[in-house]
Amino acid sequence: MTTQQTPPPGLDTGIVEGLLKARRFFKPKEVSADLRTLHQKGGRDADTFYRDRWAHDKVVRSTHGVNCTGSCSWKVYVKDGIITWEAQQTDYPSAGPDRPDYEPRGCPRGAAFSWYTYSPTRVRYPYVRGVLLEMYREAKARLGDPVLAWRDITGDPERSKRYKAARGKGGLVRAGWGEAVEMIAAAHVATIADHGPDRIAGFSPIPAMSMVSHGVGSRFYSLIGGAMLSFYDWYADLPVASPQVFGDQTDVPESGDWWDAGYLIMWGSNVPVTRTPDAHWMVEARYRGQKVIAVAPDYADNVKFADEWLAPVPGTDGALAMAMGHVVLKEFFVDRRTPYFVDYARSYTDLPFLIRLEPDGEGYVPGKFLTAADLPPGTPGRGEHDEFKTVVLEESTGAPVVPNGSLGFRFGEAGAGKWNLDLEGVAPALSVADAASAAAGPGAVPDAVPVTLPRFDTPDGAAAEIVRGVPVRRVGAHLVTTVFDLLLAQYGVGRDGLPGKWPTGYDDATSPCTPAWQEAITGVPARKAAKIGREFAANAEESNGRSMILMGAGTNHWFHSDAIYRAFLTLTTITGSQGRNGGGWAHYVGQEKVRPLTGFTQYANALDWSRPPRHMIQTAYWFLHTDQFRYDAFTADELSGRPGGRWAGMTTADILAQSARLGWSPSYPTFDRSSLQVVDDAEAAGQDVGTYVPAQLKSGDLRFAAEDPDAPENFPRVLGIWRSNLLGSSAKGDEYFLRHLLGTDHSVNASETPADKRPRDVVWRDEAPAGKLDLLFTLDFRMTSTTIFSDIVLPAATWYEKYDLSSTDMHPYVNSFNPAIAPPWQARTDFEAFHNIAAEFSEQARAHLGTRKDLVAVPLTHDTPDALATPSGIVKDWKFGECEPIPGRTMPKLVVVERDYTAIADKMRSAGPLLAELGATTKGITFDLAHEVDLLRDLNGPARGGVAEGRPALEQDRQVCEFILSLSGTTNGHLATAGFHTLEQRTGQPMADLAAEHEGKRIRFADTQAAPTPVITSPEWSGSESGGRRYSAFTINVERLKPWHTLSGRQSFYLDHDWMSEIGENMPIYRPPLNMAVLFGETPVGERADGTAGTTIAVRYLTPHNKWSIHSEYQDNLLMLSLSRGGPAVWMSNLDAAKIGVSDNDWIECVNRNGVVVARAIVSHRMPEGTVYMHHAQDRLIDVPLSEKSGKRGGIHNSLTRIMMKPTHLVGGYAQLSYAFNYIGPTGNQRDEVTLIRRRSQEVQY
Amino acid sequence: MRVMAQMAMVMNLDKCIGCHTCSVTCKQAWTNRSGTEYVWFNNVETRPGQGYPRTYQDQDTWQGGWTLTKRGRLKLKAGGRLKNLATIFASPKMPSMSDYYEPWTYDYESLTTAPAQQHTPVARPKSLLSGKDMNISWSANWDDNLAGSTEIVPGDPVLAKVSDKVKLEFEQTFMFYLPRICEHCLNPACAASCPSGAIYKREEDGIVLVDQDACRGWRKCVTGCPYKKVYFNHRTGKAEKCTFCFPRIEVGLPTVCAETCVGRLRYIGLVLYDADLVLAAASVPDEKDLLRAQRDCFLDPHDPTVVRAAEAAGIAHDWVLAAQRSPIWSLINDYEVALPLHPEYRTMPMVWYIPPLSPVVDVVAETGEDAEDPGNLFAAIDTLRIPVEYLAELFTAGDPVPVTNVLRRLAAMRSYMREINMGREPEESIATAVGMTGADIRGMYRLLALAKYDERY
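Residues numbered from 1 in each chain as written. Chains lettered and ligands numbered in written order. Predicted model: local features only at pLDDT ≥ 70, side-chain atom pairs only at ≥ 80, totals over all residues. Heavy atoms only, no water.

Here's the deal with the overall build of chain B
Now for step 1: Counting its secondary structure elements, chain B contains 23 helices and 14 strands.
Now for step 2: Over its C-alpha trace chain B gives a radius of gyration of 23 Å, about what one expects of a compact globule, namely 23 Å for 457 residues.
Now for step 3: Along the three orthogonal principal directions, the C-alpha set of chain B runs to about 75 × 60 × 45 Å.
Now for step 4: Expressed as a percentage of its 457 residues, the buried residues of chain B come to 68%.
Now for step 5: A fraction of 71% describes how many contacts in chain B between residues 6 or more apart in sequence connect residues 24 or more apart.
Now for step 6: Within the structure as shown, chain B displays about 14300 Å² of accessible surface, and the carbon and sulfur contribution to it stands at 51%.
Now for step 7: Counting 50 positive and 56 negative side-chain charges, chain B places the centres of these two groups 7 Å from one another. (Helix = DSSP H or I, 4+ residues; strand = E, 2+ residues; numbered from the N terminus. Rg over C-alpha atoms; globule rule 2.2 N^0.38 Å. Buried < 20%, exposed > 50% of the residue type's maximum accessible area, 1.4 Å probe, protein only. Contact = heavy atoms within 4.5 Å. Areas by Shrake-Rupley, 256 points an atom, 1.4 Å probe, with all protein chains shown as cover. Lys, Arg positive; Asp, Glu negative; His and termini not counted. Charge placed at Lys NZ, Arg CZ, Asp CG, Glu CD.)

A word on the UniProt feature "domain: 4Fe-4S Mo/W bis-MGD-type" (unreviewed entry) in chain A
Now for step 1: Using the residue numbers shown here, the UniProt feature "domain: 4Fe-4S Mo/W bis-MGD-type" (unreviewed entry) corresponds to residues 57–121 of chain A.
Now for step 2: Annotated as 6% helix and 28% strand, the span residues 57–121 of chain A places its first and last C-alpha atoms 27 Å apart. (UniProt positions renumbered as here; feature names shortened; annotations may be inferred.)

Topic: the sheet that holds strand S28 (residues 813–817) of chain A
Residues and elements named next belong to chain A.
Now for step 1: Strand order in this open sheet of three strands is S27-S28-S33, and the pairing throughout is antiparallel. Whereas interior strands pair on both sides, the edge strands pair on one side only; in this sheet they are strand S27 (804–806) and strand S33 (1013–1014).
Now for step 2: Of the strand pairs in this sheet, S27 and S28 are connected by three bridges, and their pairing is antiparallel. Bridge pairing in S28 places Leu805 opposite Ser816. (Pairing = 2+ DSSP bridges.)

Re the interface of chain B and chain A
Now for step 1: Across the contact, 143 residues belong to chain B and 143 residues belong to chain A.
Now for step 2: Approximately 11900 Å² of surface area, both sides summed, lies buried where chain B meets chain A, with 54% of it carried by carbon and sulfur atoms.
Now for step 3: Note that Lys1107(A) and Asp144(B) form a salt bridge whose closest N and O atoms lie 3.1 Å from each other.
Now for step 4: For the interface between chain B and chain A, the tally reads 59 residue pairs in polar contact (both at pLDDT 80 or more). (Buried area = accessible area lost by both parts, 1.4 Å probe. Salt bridge = Lys/Arg side-chain N within 4 Å of Asp/Glu carboxyl O. Polar contact = N/O pair within 3.5 Å; in protein donor to acceptor, adjacent residues only side chain to side chain.)

Considerations on the domain arrangement of chain A
Interface size is commonly expressed as the accessible surface area that is lost when the partners come together.
Residue and element names in this part refer to chain A.
Now for step 1: When the domains of chain A are assigned, the result is domain 1 (127–237 + 605–800 + 820–893), domain 2 (241–316 + 523–587), domain 3 (338–510) and domain 4 (1076–1239).
Now for step 2: Look at where the C-alpha atoms of domain 1 and domain 4 centre, and you get two points 27 Å apart.
Now for step 3: Contacts between the two partners involve 69 residues from domain 1, matched on the other side by 51 residues from domain 4.
Now for step 4: Interface area, domain 1 with domain 4, both sides summed: about 4500 Å², of which 61% is carbon and sulfur.
Now for step 5: Looking at the side of domain 1 facing domain 4, the largest losses of area belong to Lys732, Asn749 and His862, adding up to 13% of the total buried there.
Now for step 6: Our count for the contact surface shared by domain 1 and domain 4 stands at four salt bridges.
Now for step 7: Of the charged contacts, one joins Asp734 and Arg1180 as a salt bridge, the two residues approaching to 2.5 Å between their closest N and O atoms.
Now for step 8: Seen at the junction of domain 1 and domain 4, the total is 34 residue pairs in polar contact (both at pLDDT 80 or more).
Now for step 9: Elements with a minimum of two residues in the side of domain 1 that touches domain 4: strand S9 (227–229), strand S23 (614–616), helix H20 (618–625), helix H21 (652–661), helix H24 (726–730), helix H25 (734–742) and helix H26 (785–789).
Now for step 10: Of the residues assigned to the side of domain 1 that touches domain 4, the class counts are 38 nonpolar, 22 polar and nine charged. (Domains from an automatic or database assignment. Nonpolar A, V, L, I, M, F, W, Y, C, P; charged D, E, K, R; others polar.)

What to know about the side chain of Thr1227(A)
Now for step 1: Take Thr1227(A): it is sitting in the loop between strand S39 (1171–1173) and strand S40 (1234–1239).
Now for step 2: The residues touching Thr1227(A), leaving out its near neighbours within four places in the chain, are Asp233(A), Ala236(A), Leu238(A), Val240(A), Thr619(A), Met1204(A) and His1209(A).

Overview of the packing of aromatic side chains
The way to describe two aromatic rings as a pair is by their centre distance and the angle between their planes.
Residues and elements named next belong to chain A.
Now for step 1: Scanning the entire structure with this criterion turns up 76 aromatic pairs over all chains.
Now for step 2: Between Trp54 and Trp85, the ring centres sit 5.8 Å apart and the planes meet at 25°, which makes this aromatic pair stacked. One end of the pair, Trp54, is in helix H2 (residues 48–54); the other, Trp85, is in strand S5 (residues 82–88), with 31 residues separating them in the sequence. Residues Trp54 and Trp85 agree in their burial class; the two are buried.
Now for step 3: Pairing Tyr116 with Phe781 gives two aromatic rings, centres 5.8 Å apart and planes at 65°, and the pair type is edge-to-face. Of the two residues, Tyr116 sits in the loop between helix H3 (108–111) and strand S6 (127–129) while Phe781 sits in the loop between strand S25 (775–780) and H26, which places them 665 residues apart along the sequence. For the pair Tyr116 and Phe781, a shared accessibility class is recorded, and that class is buried.
Now for step 4: The lysine or arginine in question, Arg1071, covers the ring of Phe456, its NZ or CZ lying 3.5 Å from the ring centre.
Now for step 5: Just above the ring of Trp1131 sits the side chain of Arg1166; from NZ or CZ to the centre is 4.7 Å. (Phe/Tyr/Trp six-rings, centres within 6.5 Å; stacked < 30°, edge-to-face > 60°. Lys NZ or Arg CZ within 6 Å of the ring centre and 35° of its normal.)

Considerations on unusual backbone geometry
Now for step 1: In the segment running from Pro512(A) into Cys513(A), the intervening peptide bond is cis, with an omega of 5°.
Now for step 2: By the element assignment, Cys513(A) lies in the loop between helix H14 (483–490) and helix H15 (515–522).
Now for step 3: Of note, His385(A) is a non-glycine position whose phi angle comes to about 45°, a positive value.
Now for step 4: A positive phi angle, close to 60°, is found at Thr55(B), a residue other than glycine.
Now for step 5: Relative to the assigned elements, Thr55(B) resides in the loop between strand S2 (43–47) and helix H2 (59–62).

Considerations on the confidence of the model for chain A
All names here are of chain A.
Now for step 1: The pLDDT averaged across chain A works out to 95; a share of 96% of its residues lies at or above 70.
Now for step 2: Confidence drops under a pLDDT of 50 for residues 22–26, and excluding neighbours within four residues, the segment shows nine contacts in the predicted structure.
Now for step 3: The low-confidence segment residues 438–443, where pLDDT is below 50, has nine contacts with residues more than four positions distant or belonging to other chains. (pLDDT = per-residue confidence, 0-100.)

A few points about helix H16 (residues 526–543) of chain A
All names here are of chain A.
Now for step 1: Along its 18 residues, H16 runs 26 Å from first to last C-alpha, staying within 8% of the 26 Å computed at 1.5 Å per residue.
Now for step 2: For H16, the tally of buried residues reaches 13 of 18 residues, placing the bulk of the element in the interior.
Now for step 3: Just downstream of H16, Asn544 is the residue with a positive phi angle, here 55°. (Expected span 1.5 Å × (residues − 1).)

Quick notes on the sheet that holds strand S8 (residues 200–203) of chain A
Residue and element names in this part refer to chain A.
Now for step 1: On the basis of which strands lie adjacent, the open sheet formed by eight strands has the order S7-S6-S26-S25-S24-S8-S9-S23 and mixed pairing. Lying at the two open borders of the sheet, with one neighbouring strand each, are strand S7 (172–174) and S23. Across the sheet, the mean angle from the axis of one strand to that of its neighbour is 20°, orientation sign disregarded.
Now for step 2: Sheet topology places S8 next to strand S24 (residues 718–722); four bridges connect them, and they run parallel. Looking across to S24, one finds that Ile200 is bridged to Val718. (Axes fitted to C-alpha atoms, helices over the stretch in contact; angles between N-to-C directions.)

A closer look at the state of the cysteines
All names here are of chain B.
Now for step 1: Enumeration over the complete set of coordinates arrives at zero disulfides over all chains.
Now for step 2: The thiol of Cys19 is not disulfide-bonded; the next cysteine sulfur, from Cys22, is found 6.2 Å away.
Now for step 3: Looking at Cys19, the relative accessible area reads 10%, which means it is buried. (Disulfide = S-S within 2.5 Å.)

Structural notes on the pairing of strand S10 (residues 263–267) of chain A
All names here are of chain A.
Now for step 1: Judged by how many residues are buried, S10 sits mostly within the fold: five of five residues are covered.
Now for step 2: Every second residue of S10 is oriented toward a common face, with Tyr263, Ile265 and Trp267 on one face and Leu264 and Met266 on the other, all of them buried.
Now for step 3: Alignment of S10 against strand S11 (residues 291–295), held across five bridges, turns out to be parallel. Note on S11: the bridge partner recorded for Met266 is Ala294.
Now for step 4: Direction of pairing for S10 relative to strand S21 (residues 547–551): parallel, over a ladder of five bridges. The residue bridging Leu264 from the neighbouring strand is Met548, located in S21.

Here's what the structure looks like:
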């Protein structure tokens, strides 16, 4: 059998073979027969090193506690009392036999976390800035009291300026915990006594990821009356379109539900980077035949997986989505009526509801919803809150009908059992043209009229108009059409016989919203846009709504992102994909689901002791308090659909002040007087505050602080930050923070607003304040810009050194934190630190505060009857005599809260009486907690002493975990079931069966320690997980006919508030990125210029998420820096780089009016021309040299951005456009920004 | 027949998201210590790119692996073993620190200890070799996601072989990730290079280890390994390499890199092979035959003859059972979707790869055809965004046929399963067109898509 011609295989020479054969005899190992290699059997002494290295003493379950949506359970390895490394847990309960599982969740950033434990950037001891500590010690020695000492320093302009100007410039010195806490407490006590508690603020984001750590500080601030700053809107992660369309903050599918989709578009969502542990679901679903589309301006990590890649010009995604909507509406609604889509639209959307048309010039404009109040008395459905009951036309009779489920049925007696989506046999006409004409009133009624619609597709984004017609009917005195008819007009989908200007076809580029029209804007080929839109809808039609869009920060961080998102939501809604497993929107931008929501809310807001808390919209807070409003160069009407309208002459600051005084948005500090003083003054005047305050406001003797933010009495005085790096990360307009809030060095290049463009109503003070804040203190385990600039830094425990709870949208489990080691050095948990502060505060309060009455001004709140405050969204301002100031209607509600400042510590450590007395209300559903509180007392044991005596103890973090789990429906089957029974009474629909399978289940902390624990279907959320289903938002709404929390009770395409009309956004519309050249005089993108410092090019400046630092760890991590470029970097196209002579890794400088960034260039052909990326959260601490431009440290990624508030984000007091914490508020968007870039000297100085 | 057992890995590059979790967990567990700062037993490379250490695949320069003599005998490319022994004191042909990278840290403590000063404190980079300030200009992953592409990608040795196919322009951009560990070769060049006999292949599972007591630090192994997966610990003066996490494998746990892979793309299993066939397989004259030759070394664990021979060779019964349920066998020999990395190095590597499929339809879609039509999917393979030629240079010594066949099978799986997904009857013809049955496709789908923990390892 062997071939004789070929020599047998062998090694190179015979001599070597001889040598190697000999080796057989003197080596313990075995040489292979062919002499190639050695084998060894048994005897493992040589392996000892690696065996020893692997050996460990224990493995502890924990996770990472801020921001990251992963909520990944980790194994933390411990050897000899030292944390060695971490690896992912793989013990998630299975997602089902026919689909992948969640193991092993994690990412490289989480895997690098343990580096912090012993790293040289760890904060080991409390620190105070030396210059401040010296002053404090001197003053305290002289005055003998901490509060007097603090007042002595901060009341002295010279000393005060001295320590503030030293912020951020080194000079931190060690202090003891006792002294540091004493100073913090003194600052709080003095500020409350002198200025009022609402001059104090706390900031800590994203509670879902470590509920106790967040909640404990929030509880402290809530008890003393400080304001907790929002984060979801501030981070620009809140998709404002969600409250607008769904009446819901955000509710999205878990990643396991991506698997169910037949068609998946990743739109501005770079899943492998930003949702690393979830990305496999997308990757694997492709094998199931899912078609995957990536929409990304660059060749992002996710594009590799996509079947098709669309690369629109950044910020133009709305145009692409509108064009896809055009195709779907034309082909699936007009050319033929797709039964599934039409049925869905009738039941679950406002498309068939009637809109009144108002005469305007020779035509009409869309107006308000027709409501039951417009129908004759006696019409079925009329009775109470008629102005909030929207109306349809019955198709077969043409008669107006008031269907169940609108807001008017939600709160009154008569609405009980009728707040549901049961059409009770009525078939609403989608178009008024479909309805029989019986409803036509007397007189001639035209079949159709022209309506004037706004458009913003001009090159500079300025408003223009287009006239298109809609079919009409008359109902009573009103000419009406449906939302559907208007939407077709808005999308340019013509029908025979309608007046106006319509596109001639898909290839008509002159008329919005055709595929060709979008091509001119986005650069995406028209045919491709049409094809993807068509496929998306066809897949939904065939699969009953299993078409999904994952939408991310790439589309959500723009000034007009709500408009972009409404165009997306139109696609998912008209295709019947919302509320379907595998379909709908999947917004993954900072969305963090506190699954055990009710218990958490009670704890964090201290609702067991006092209600309500102060919650503040953070974007607005910093817009005023960092004086960014002083740099606005335009008036608000420049953003509106009809310039010169109601906002003429008003700046954004004026808009904000109006929103505050009308009670739409929270505003802290509220008045130009201490909130304690106002109550005293009212009592002195012998009036209750409800009488006294409106009268004082009307007379002008009392003013809203927002109307004069630069008055010293209106400054924020104390800011506490934990679990966050405000100044190195989220601070849009970072340099303005340094200048005005902190009073230290900065690199602001902008000029203040010229006199003719200054606010109309808000006071302009000639000298801008510097150093408003008296105390900035931070708890952290690592050094950040925030700790560097803080007056006091406390050493915090890491995530591997404490007990806590975590949950997320992305998976259905509750996870636990457990300490692998005790906090080393002098670190303490956030829980302990805030208890320390509270104890010292309570002690100091005995002499300086005692018990006080505090006036809390509460905005009109979502999911309460406050949503009925503004019929038809018609705005009236008492300041201008358009109405009376009526608390809770035309201005904030006024609630007096009695605060025993000496009892704060006792309240912190025990569950208060209001749980049992008032229950807990989440999203309008009240849970009776009396029995559960009794059980909790048995579980945790009673606390002893003071007001805590006999109450359930909350003295340890684990006890708080039990509190949260016990008092939430998702983790307590009794509450879930009871909550559904409550909801049944309002909806008249069966619901309690959804939780019945788990009614006896109470998840305890020990369960979460054993393994990630699946939660229970609860009315706190909108998706059903009964029977092991994957979570998808709104499945309960669709399947159980539960209304959305909107005006119509349906998903809302049309918003009829005055301000929505004013800005031109009644309906989805394309709005381009802000034109910074027009608004601020920045250089237009693409322009190159030769200057003395070198050639510059103007580029779009984007700050997407960094592959090497998101959430579970940070940019300073050595492992992550070693895997990347090791310092600050800006990605740019090779084409742009060539224009300014930049090579890869060259030092560059970016300069615009807001500040300066020094970084290195990463040059790559995967970047589009004209756009650069400076990835998010690149702090100034790592290898950042001095800037040539400013001579100062080269800034953070947000040194080039600033706050830009969209007026409509400040709407309140009306249906779903009513305030709730992190539910509505102006976003801290930052993507419309531009900058100049140039190559700088490569010799850098530090 | 001499049956031996080999622990092996398959990585499905089609699922790799390039997150580098594997690198980090591996480094944390094994090499975050003095002397190995620059060492990544597991690294992930962006392709096209230069890799780590840079240009390691250019064997004209680095002289790794084996070559065939004119007589058809296998010889270490670096010069054969006699030369190796004769030049034991000579500086071996190996990458310098700058080809890996100069590891660094920062003076982080200055952030806390900075005295009152004019400017905000900053942590500057410091070399972990010299302790001095440094200018960071290269790292183990410097060209991640095509960073610096226009300057760096032209230096990719693999790209050099297919460069006429690739334009570095935005519209034509492609990239994928290549995670790499030690190949635990059947014919390890590192072991053959070691003058001290310190590198050995474990009898029972084929894991290649450096005997830390026997290593004398000659570094010939670094030269010999064409994958540059043996590293020199400059503190201990010994060679170190990926151990396939043997302390974990021995107790039934997957390797760290595999278990922590959030892309769920790594498979581990036992493969039975005929040790008597290895040398001949490694010596086939045509490089393009190396894939088939290596596949032929593997023994069907379900074959009763093999089972008997394995037991005769002292392989425990439960190991045979493990080989029978090994996903590696399925992926390499049943479904034939896994391919070896650089078979032309003739080391018979035992970490195999499923090449990346996507994105498939892009170019076809431009023609306006329906991308979901199975026929079009197959047609699209020839116009992939990632050039098949590039993949072939990585996995099949330049032969595009096996790569195309794998991609066709993956594409067929998507088409076939879409029918089921949408509630239609699946078309058997889709399976037949790629030489499979519907049952085969469903089996492959189970392994690749559901990828349950118990079936990955």
